[in-house]
There are 2 protein chains.
Amino acid sequence: MLMRTSRGLLEDVEAALKAAGLPPLAWYDVLLELEKAGNEGMRPFELKNRLLLPQYGTSRLLDRMVTAGLVDRQDCEDDGRGQIVSISDSGRETRASMWPVYGKVLVTRIGAKLTPEEAIQLARLLSKI
Amino acid sequence: MLMRTSRGLLEDVEAALKAAGLPPLAWYDVLLELEKAGNEGMRPFELKNRLLLPQYGTSRLLDRMVTAGLVDRQDCEDDGRGQIVSISDSGRETRASMWPVYGKVLVTRIGAKLTPEEAIQLARLLSKI
DNA sequence: CCTATGTCGATGCAGTTGCATCTATATTGA
DNA sequence: TCAATATAGATGCAACTGCATCGACATAGG
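Values in this document were obtained by computation on a predicted structure and should not be read as measured data. (Residues numbered from 1 in each chain as written. Chains lettered and ligands numbered in written order. Predicted model: local features only at pLDDT ≥ 70, side-chain atom pairs only at ≥ 80, totals over all residues. Heavy atoms only, no water.)

(A) Structural detail: the overall build of chain A. In terms of regular secondary structure, chain A is built from six helices and two strands. Helices (α) and strands (β) of chain A occur, in sequence order from the N terminus, as α-α-α-α-β-β-α-α. Over its C-alpha atoms, taken along the principal directions, chain A stretches across nearly 50 × 35 × 25 Å. A gap of 9 Å separates the mean positions of the 18 positive and 18 negative side-chain charges of chain A. (Helix = DSSP H or I, 4+ residues; strand = E, 2+ residues; numbered from the N terminus. Lys, Arg positive; Asp, Glu negative; His and termini not counted. Charge placed at Lys NZ, Arg CZ, Asp CG, Glu CD.)

Here it is in structure tokens:
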């Protein structure tokens, strides 16, 4: 049930984003992390750890986002192997415009079907897993 | 949180199946449906409706499963456009060998972390969505 | 200092997915 | 009956994913 539920939800969110001409959900997660990281940005491997993405996935996702101008990438001074990625102004705007679309699907798919107490309880149960 | 939880669970299941030299989880769902459908099998579009898969995804998934010998495909007599797919003996065996691997991950990831009452409650909440 | 090993990130390749479109057959209705 | 439309399933193409591996730099141990 968990699988079916979340897959359906995911598809709805992706479809809503696409219909609004916005990037996929994974980009939202990245933008949110980078926004939280502030101006100093963060290392790709840290992003990978936070979002539990595979290393190669992170590398290529960042590639695309840099190309799209949502993320800035610069060489890391402390570590010659590494780099620092940070969100651009355009990235901030994009994230902001994604949120209402994302949120609306969640509200209509979850908020409308569960009472607030149930939603809290669901969150509590899921967090234990 | 729902997304993160289910994605992690999914990855664990896929990894366990792969480690056991077994096909991916989607194949399990198909095999289970076909096994329930019995000897008459079922139409691909019906499978697509039940599993909520895209049409092209169903077509290609069945291609691979037929190639792997887990599914039999024959032309449909009633409808010249259509076909009938059904599970083969090998498919039944494969599904049977997948179940314990699948189940074990669920038990260790869910059963071990939630009490039976919590699990029931979780299922109830998810079913409302 | 130098070699061995570990970590960071990139990439070639094969397999998979999404999208749009196609062919073939079925159904509807004038 | 025949044209218009709808449905079943396949497929070319571009994008994306997983896997294995690579090259570059970092760090530890002798």
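From this point, the narrative continues.
(B) Structural view of the relation of the copies chain B and chain A. Between chain B and chain A, which share one sequence, the superposing operator has a rotation angle of 180° and an axial displacement of 0.1 Å; the RMSD is 0.1 Å. Both copies of the chain, as the preceding transformation shows, are related through a two-fold rotation axis. Taken as a fraction of all interface residues of chain B, those also at the interface in chain A reach 100%, which identifies the copy contact as same-surface. (Least-squares fit on C-alpha atoms with pLDDT ≥ 70 in both. Contact = heavy atoms within 4.5 Å.)

(C) Local environment of the layout of surface pockets. Residues and elements named next belong to chain B. As a volume, the second largest pocket reaches approximately 190 Å³. Forming the boundary of the second largest pocket are Arg 43, Pro 44, Phe 45, Lys 48, Gln 55, Thr 58, Ser 59, Leu 62, Arg 73, Arg 81, Gly 82 and Gln 83. Contributing elements (two or more residues each) for the lining of the second largest pocket: helix H3 (44-51) and helix H4 (55-67). Broken down by element, the lining of the second largest pocket gets its largest block of residues, four residues, from H4. Among the residues making up the lining of the second largest pocket, the classes are represented as three nonpolar, five polar and four charged. (1 Å grid on protein atoms, 1.4 Å probe; cavity = no way out; pocket = protein on both sides within 12 Å on 5 of 7 lines; lining within 4 Å. Points joined across faces, edges and corners; volume = space filled by probe spheres on them. Nonpolar A, V, L, I, M, F, W, Y, C, P; charged D, E, K, R; others polar.)

(D) Examining H4 of chain B more closely. Residue and element names in this part refer to chain B. Compared with an ideal rise of 1.5 Å per residue, which puts 13 residues at 18 Å, H4 spans 19 Å between its outermost C-alpha atoms and is within 8% of the ideal. Burial in H4 covers these residues: Thr 58, Leu 61, Leu 62 and Met 65. When H4 is viewed along its axis, its buried side chains cluster within an angular range of 100° and face the same direction. Residues of H4 that are exposed and angled more than 90 degrees away from the buried face: Tyr 56, Arg 60 and Thr 67. (Expected span 1.5 Å × (residues − 1). Buried < 20%, exposed > 50% of the residue type's maximum accessible area, 1.4 Å probe, protein only. Arc of directions from axis to C-beta.)

(E) Representation of the protein's contact with DNA strand D in the model. Around DNA strand D sit 19 residues in total, of which Tyr 56 and Arg 60 of chain A together with Gln 55, Ser 59 and Arg 81 of chain B are the nearest. Of all DNA strand D atoms lying within 4 Å of any protein atom, the proportion belonging to sugar or phosphate reaches 58%. Here a phosphate oxygen of DNA strand D sits 3.0 Å away from a polar atom, N or O, in the main chain of Gly 80 of chain A. Within the side chain of Gln 55 of chain B, an N or O atom sits 2.7 Å from a base nitrogen of DNA strand D. (Near = heavy atom within 4 Å. Polar contact = N/O pair within 3.5 Å; in protein donor to acceptor, adjacent residues only side chain to side chain.)

(F) Seen up close, the interface of chain B and chain A. Counting residues at the interface gives 27 residues for chain B, matched by 27 residues for chain A. Summing both sides of the interface, chain B and chain A together bury roughly 2800 Å²; the carbon and sulfur share of this comes to 66%. One can count four salt bridges joining chain B with chain A. Between Glu 118 of chain A and Lys 128 of chain B there is a salt bridge, with its nearest N and O atoms 2.8 Å apart. (Buried area = accessible area lost by both parts, 1.4 Å probe. Salt bridge = Lys/Arg side-chain N within 4 Å of Asp/Glu carboxyl O.)

(G) Broad picture of the nonpolar core. Among the nonpolar cores identified, the biggest contains 64 residues, and Val 30, Leu 34, Val 71 and Leu 122 of chain A together with Val 30, Val 71 and Leu 122 of chain B are the most heavily contacted of them. When near neighbours in sequence (up to four residues on either side) are disregarded, Val 30 of chain B contacts Leu 47, Leu 51, Leu 61, Leu 62 and Met 65 of chain B. (Core = buried A, V, L, I, M, F, W, Y, C linked by side-chain atoms within 4.5 Å.)

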